[in-house]
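Fold and contact review
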Amino acid sequence: MMGKLMDPDQWRKARFAGTPPAMSTIRKWCREGVLPAKKIGGAWFIDLDAEKLMTGNELADSVLKEMETR
């Protein structure tokens, strides 16, 4: 189930004060699953509702993600 989606460029500007990470870094985080993102028609979108559920702990987040897919 998809939540509210946000363009990665808007997301990085909203989340980082000063100079945000490069778009290539954001896309890498999307590909690697660091960010809860969906690729739609060749473009990435950040799932804001899924982001709210992230704990910041990689192990806990991976367990929660696994439970979500069951």
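Scroll up a little and you will see the structure.
Let us look at the structure shown here. Bear in mind that the values here come from a model prediction, so they are computed numbers and not experimental data.

**So, the overall build of the protein chain**
Within the protein chain, the regular secondary structure consists of 4 helices and 3 strands. Listing the helices and strands of the protein chain from first to last along the sequence gives β-α-α-β-β-α-α. On C-alpha atoms alone, the protein chain measures out to a radius of gyration of 12 Å, which is about the 11 Å that the 2.2 N^0.38 rule sets for 70 residues. If you line up the protein chain on its principal axes, its C-alpha atoms span 35 × 30 × 20 Å. Of all 70 residues assigned to the protein chain, the portion counted as buried reaches 21%. Of the contacts made within the protein chain by residues no fewer than 6 positions apart, 42% connect residues no fewer than 24 positions apart.

**Considering the environment of Asp7**
For Asp7, the position within the fold is in the loop between strand S1 (5-6) and helix H1 (8-15). Look at Asp7 and you get partly exposed, because its relative accessible area is 31%. Residues Asp7 and Phe45, spaced 38 residues apart in sequence, show a C-alpha to C-alpha distance of 5.0 Å. At a separation of 2.9 Å, a polar atom in the side chain of Asp7 contacts the main-chain amide nitrogen of Asp9.

Each value, and the rule that gives it
Residues numbered from 1 in each chain as written. Predicted model: local features only at pLDDT ≥ 70, side-chain atom pairs only at ≥ 80, totals over all residues. Heavy atoms only, no water. Helix = DSSP H or I, 4+ residues; strand = E, 2+ residues; numbered from the N terminus. Rg over C-alpha atoms; globule rule 2.2 N^0.38 Å. Buried < 20%, exposed > 50% of the residue type's maximum accessible area, 1.4 Å probe, protein only. Contact = heavy atoms within 4.5 Å. Polar contact = N/O pair within 3.5 Å; in protein donor to acceptor, adjacent residues only side chain to side chain.

Purely geometric stuff here, so don't read any function into it on its own.
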